[in-house]
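Chain by chain, the residues:
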Amino acid sequence: MVRYVIEKILYMLLSLFVLASATFFLMKAIPGNPFQSEKNIPPAIQQMLMEKYGFDKPVWEQYVHYIGNLLKLDFGTSMKQQYVTVETVIKSGFAYSVQLGLLAMIVSVAAGVLLGLIAALNHRKFLDGFTIFIAVLGVSIPNFVIASALQYFFGVQLRWFNVTGLNGPLDYVLPVIALSFLPTAFIARLTRSSMLEVLSADYIKTARAKGLSGRVILVKHALRNAIMPVVTYVGPMTANIITGSVIVEQIFGIGGLGKDFVNSITNRDYTLIMGLTLFYAVILMLARLITDIAYGFIDPRIKLIRGRGGA
Amino acid sequence: MKRTKLVSILSMVLVFAIFTAGCATGAKNGGGASNNEFRVNLSTEPPTLDPAQATDQVSFTVINAIYEGLTILDENGDVQPGIAEKWDVSEDGKTYTFKIRSDAKWSNGDPVTAHDFEFSWKRALDPLLVPEPSQYAYQLYYIEGAEAYNTGEGSVDDVAVKAEDDHTLVVTLVAPTIYFESLLSTAIYFPVHQSVKENEAFAAAANTMITNGPFTMTDWKRNTSITLEPSDSYYGRDQIKFSKVSFTMVNDSSSELNMYETGKLDYAGHPTGSLPSDQFASLQQKYPDEFKIKGTASLYYYLINTTEPPFTNKKVRQALSLAVNRNDLTEKVTLGGQIPAYGLVPPGIKGVEDEYRNEVNGDYFKEDLELAKQLLAEGLAEEGLTQLPAFSITFNTNDLHLKVAEAIVDMWRNNLGIDVQIGNEEWGVFLDNRNAMNYQVARAGWGADYNDPISFISLFTSKSGNNNTGYANAEYDELVERINHTSEPEERVKLIADAEKLLIESHSIIPLYYYTNVYLMKPEVKGVYVDFKGDIIFTRGYYEEQEQ
């Protein structure tokens, strides 16, 4: 187990190095530089700036310099937001993204599993069709449409919530609902199908034959097995929500990390692009690792040994 | 029954989850505005609040409220005394002697002196300025010795700005500059406290910023909000009525409108925010007293690459320009009350007595479809062509630019029978291509840096770094040179009009419209306005009932 984790982490570091290199060269290949605007500054000043940041040097030299700093864990300072280090950007923005992402995940796991169970237990009845209909809606409507609609109805029409900002507990409600729509729908469908499969398995019949109560069968035998696909899904999905809440953050005016990431690219804010890309990569990789480890706990049949466990 | 029990347990889990979602962080509630608070949306985080480093409107909006230069501009764009209570100009128009107010103070109580200005201007010109050389340093090149020092060719001691004593500042210019007093009201000429020598990062946080303007910053939450409060050490403290100015950073026009409609903003829209353009008409009906359209001195135009055949031919270029129906464009497409443009210098820019545009008629050409067709045919024949080769309009990705380009493509197709592609490019890519003249027709926009027509005219000299059309005309260059050395206002405006006519009639650019700012402002807010540059000025704003 420990060996497995160490091995995984080494692979992660290797992947990060490859990713950092690829991002660096791709980024340098995009036309433009951080000092552009509608009004061009005089060439002499432009030149001073390029020299100041070493952009006049060959790309490979800049690359060696950057990787050198990276090894010292020096991610640098934003080129657009003066004196703001990459660490500061991550610290201030990530708190919001994590709060929203985790809350959205809790809500969607709870709601998704519940809906999935209702559907499975009412197989081919009205409630089944109804929850599946909701799930299809959830999967097919993009979250910015949901976010705008929620903002308009509950914020502007009903005035139950503030339309933007994250100043109090109530302010979390709308963005969290908007973010959890898609994963809820997805989890509901996953739970339903695996629940249906499990419920018709032989060991459930055995359990029933032994005269166990319906609840024990459902929770101890059926749900535990039926939840496996959900666990597989939850790890990467959490990472996706945390790293992909850009539009919902924009609509609700939340200063999360997504905003910085998108702006960094438009601004050619090289240090920020690199820092945030690597940070997001780490988050995604960690989510996979945790998922792998979680398997071992839920399903004893899965042993975390060399060459198994995915990722 | 068992099943319902399970359902109820899970329901409780769900309710609990939603409840915890609600309780996650216990910050205090935003609540409504206090009586004299003025709330505006800034859209994004200001990249810097160091006057020497700022280059964007968001930064300027905050900086204009917390710093003050030697002069300020009033609502009409006229120069008024700021930190300088008066000044003399030498007979040759090159030497200015400013008298600094004795009651001008920094927010920490220190007096603002002439030495602070000398220090600050030289600091902005320092080629080794930390964290990077100033991008707008060239706005100080009017001062003798400034350019040489900034580009590393001269010494700081030769920069002709000198504090004779605490209250007397003497500046010598390279040439008489009629708009120098107006320039002094812009950020690059603002003073910074001399203690910044020890802490160049002073402008990165609210608690290290020492400022000299009407407001001071009391709070700055990155990517979320900025709060300003009146500065008690400001000499004009009794003229400042807002008890607080709150900036939010919400970068979404529908959300901004929703905030305004639910009473979370007192001002929404341009210049620092935006309103959904497809709702302009309905907003105007819904809020007749609050919906405002104000022209700003900026031009929206298309550049033509005059170095690429057949656009080397003036008749071809002229045909394109004459075949655009600008009224349709502003009334049916852009919808923001924009003014069709047939010249280069927008309304709102000073001439001799009145606005330049009122003194010099700006209609240098008329749209004329028949003439356009005829010119196109003639032009193509001269180039030995039977029809116009395929070309495209290039613009940076943006809804409005797309709508404008589509409309123009449509007009050219219907009016001239030509087929034109549209190509949108990401911002940085677009700028790179435009600067490299790697385009046929490209979008451009230009706003005034200072209140003088030359801010637009100088754009198209052959040496200008922002020309991007390939237009190079010795006569034009010479006219601009003469304008820069003429201090007699009437003669100068005449020369400016000559240059403008020369450029527009070369049809190297297709002027489309003069920009407007569209915004909503609560009817009880008074004294808040958008100036000629398109900056929102709220320092002397107040709520109406306060005055009674």
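Quick caveat: nothing in here was measured; it's all calculated off a predicted structure.

How big an interface is tends to be stated in terms of the accessible area lost upon association of its parts. Residue and element names in this part refer to chain B. When its domains are assigned, chain B resolves into domain 1 (32-290 + 522-543) and domain 2 (295-516). Taken together, the contact pairs 20 residues of domain 1 with 21 residues of domain 2. When the two sides are added together, the surface that domain 1 and domain 2 hide from each other amounts to roughly 1,500 Å², 56% of it contributed by carbon and sulfur. The largest per-residue losses of area from domain 1 upon contact with domain 2 belong to Ile178, Tyr179 and Phe532, which jointly make up 39% of the total buried on that side. Taken together, the links from domain 1 to domain 2 amount to one salt bridge. For Lys350, the salt bridge is made with Asp78, and the minimal N-O distance between the two is 3.0 Å.

On to the nonpolar core. By size, the foremost hydrophobic cluster in this structure holds 178 residues, and its most contacted members are Trp121, Leu228, Trp412 and Phe538 of chain B. When residues of this core are assigned to their parent elements, the largest contribution, eight residues, is made by helix H12 (residues 399-416) of chain B. Here this core gathers at least three residues from each of two domains, domain 1 (32-290 + 522-543) and domain 2 (295-516) of chain B. Sequence-distant contacts of Phe538 of chain B, that is, excluding residues within four places in its chain, are made with Phe38, Thr61, Ala65, Phe215, Leu228, Phe242, Val245, Phe247 and Val528 of chain B. Core analysis: the next-biggest nonpolar cluster, separate from the first, contains 41 residues, Val107, Ala226, Tyr233 and Met237 of chain A among them.

This brings us to unusual backbone geometry. Glycine aside, a negative phi is what most residues show, and trans is what most peptide bonds show. With an omega of 0°, the peptide bond between His270 of chain B and Pro271 of chain B qualifies as cis. Relative to the assigned elements, Pro271 of chain B resides in the loop between strand S11 (267-269) and helix H7 (280-286). A cis amide bond, omega 0°, links Pro309 of chain B with the succeeding residue Pro310 of chain B. As for its position among the elements, Pro310 of chain B is in the loop between strand S12 (291-304) and helix H8 (314-322). The phi dihedral of Leu73 of chain A falls on the positive side, at around 60°, and the residue is not glycine. Summarising the element assignment, Leu73 of chain A is placed in the loop between helix H3 (59-71) and helix H4 (86-121). For Leu73 of chain A, a relative accessible area of 59% gives the class exposed. Of note in the backbone geometry, Ser43 of chain B takes a positive phi value of approximately 75° without being a glycine. Relative to the assigned elements, Ser43 of chain B resides in the loop between strand S1 (37-41) and helix H2 (57-66).

What counts and how
- Residues numbered from 1 in each chain as written.
- Chains lettered and ligands numbered in written order.
- Predicted model: local features only at pLDDT ≥ 70, side-chain atom pairs only at ≥ 80, totals over all residues.
- Heavy atoms only, no water.
- Domains from an automatic or database assignment.
- Contact = heavy atoms within 4.5 Å.
- Buried area = accessible area lost by both parts, 1.4 Å probe.
- Salt bridge = Lys/Arg side-chain N within 4 Å of Asp/Glu carboxyl O.
- Core = buried A, V, L, I, M, F, W, Y, C linked by side-chain atoms within 4.5 Å.
- Buried < 20%, exposed > 50% of the residue type's maximum accessible area, 1.4 Å probe, protein only.
- Helix = DSSP H or I, 4+ residues; strand = E, 2+ residues; numbered from the N terminus.

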